[in-house]
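Report on the structure
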Amino acid sequence: MFLGTYTPKLDDKGRLTLPAKFRDALAGGVMVSKGQDFSLAVYTGADFAERSRKLTAASRANPKARAYVRQFFSGTDEQRPDGQGRITISPEHRRYAGLERNCVVIGSMDFIEIWNDEAWARYSAENEQDFSDAFDESLGGIL
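Note that the structure is predicted; figures quoted are calculated from it, not measured.

Our next topic: the overall build of the protein. Counting its regular elements, the protein contains 5 helices and 8 strands. For the protein, the sequential pattern of α-helices and β-strands runs β-β-α-β-β-α-α-β-β-α-β-β-α. By the compact-globule yardstick of 15 Å for 143 residues, the protein fits well, its C-alpha radius of gyration being 16 Å. Projecting the C-alpha coordinates of the protein onto the three principal axes gives extents of approximately 45 × 40 × 30 Å. Burial analysis of the protein (143 residues in total) assigns 37% to the buried set. When contacts within the protein are restricted to residue pairs at least 6 apart in sequence, those whose partners lie at least 24 apart make up 60%.

Structure follows, in structure tokens:
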């Protein structure tokens, strides 16, 4: 389970140090993909396999499903953290997520998200009131 918010820095070689409390779960390797809202999503191998299973069941006759599947799989890169817990963020992923030096890594339960620090601040500010006002009916019974 991935929880919390962290603020690592991207180094000059495009490497990002993963939070120490996540490293054991990610030591076997990770799949880095384009995520929602122009963030990156980082999955363990098992979680990526589960997501892949669900996505490959989507109807390729549906143009939106087809486009999503193509973007998801073509935008995924396999990485293995080095001895210091760093992964290399590809130039394409850095461009997609607008990553420069300052990043935000958030735990998103079964995966990790990597954000540009300013984009995360904007997103958080824009959605804080909705979080505070959330009630069960608006969230389809999940609360």
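To continue, consider the nonpolar core. Soluble globular proteins tend to pack their nonpolar side chains together in the buried interior. Counting residues in each nonpolar core, the largest one holds 19 residues, and the members touching the most others are L16, L26, L40, I89, L99, I112 and I114. Sorting the residues of this core by element identifies β3 (30-34), β4 (40-44), α4 (91-97), β7 (103-107) and β8 (112-116) as the ones contributing at least two each. Once residues lying within four places of it in the same chain are set aside, the contact partners of L40 are V32, S33, K34, G35, I89, H93, Y96, A97, L99, I112, E113 and I114. In terms of nonpolar packing, the next biggest core, distinct from the first, is built from 8 residues, F48, L55, V69 and F111 among them.

Let us now look at the packing of aromatic side chains. Inspection of the entire model under this criterion finds 13 aromatic pairs. With centroids separated by 5.6 Å and ring planes inclined at 15°, the aromatic side chains of F48 and F72 adopt a geometry described as stacked. In this pair, F48 is assigned in helix α2 (residues 45-56) and F72 in helix α3 (residues 63-74), connecting sequence segments 24 residues apart. Overall, the relative accessible area of 10% leaves F48 in the buried class.

Let us look at the side chain of Q79. By the secondary structure assignment, Q79 is in strand β5 (residues 76-79). Q79 sits in the buried class, given a relative accessible area of 16%. At a separation of 2.9 Å, a polar atom in the side chain of Q79 contacts the side chain of D77. A polar contact of 3.1 Å, which involves the side chain of Q79, links it to the backbone nitrogen of T88. Beyond its immediate stretch of four places on either side in the chain, Q79 contacts G29, V30, V32, I87 and T88.

Each value, and the rule that gives it
Residues numbered from 1 in each chain as written. Predicted model: local features only at pLDDT ≥ 70, side-chain atom pairs only at ≥ 80, totals over all residues. Heavy atoms only, no water. Helix = DSSP H or I, 4+ residues; strand = E, 2+ residues; numbered from the N terminus. Rg over C-alpha atoms; globule rule 2.2 N^0.38 Å. Buried < 20%, exposed > 50% of the residue type's maximum accessible area, 1.4 Å probe, protein only. Contact = heavy atoms within 4.5 Å. Core = buried A, V, L, I, M, F, W, Y, C linked by side-chain atoms within 4.5 Å. Phe/Tyr/Trp six-rings, centres within 6.5 Å; stacked < 30°, edge-to-face > 60°. Polar contact = N/O pair within 3.5 Å; in protein donor to acceptor, adjacent residues only side chain to side chain.

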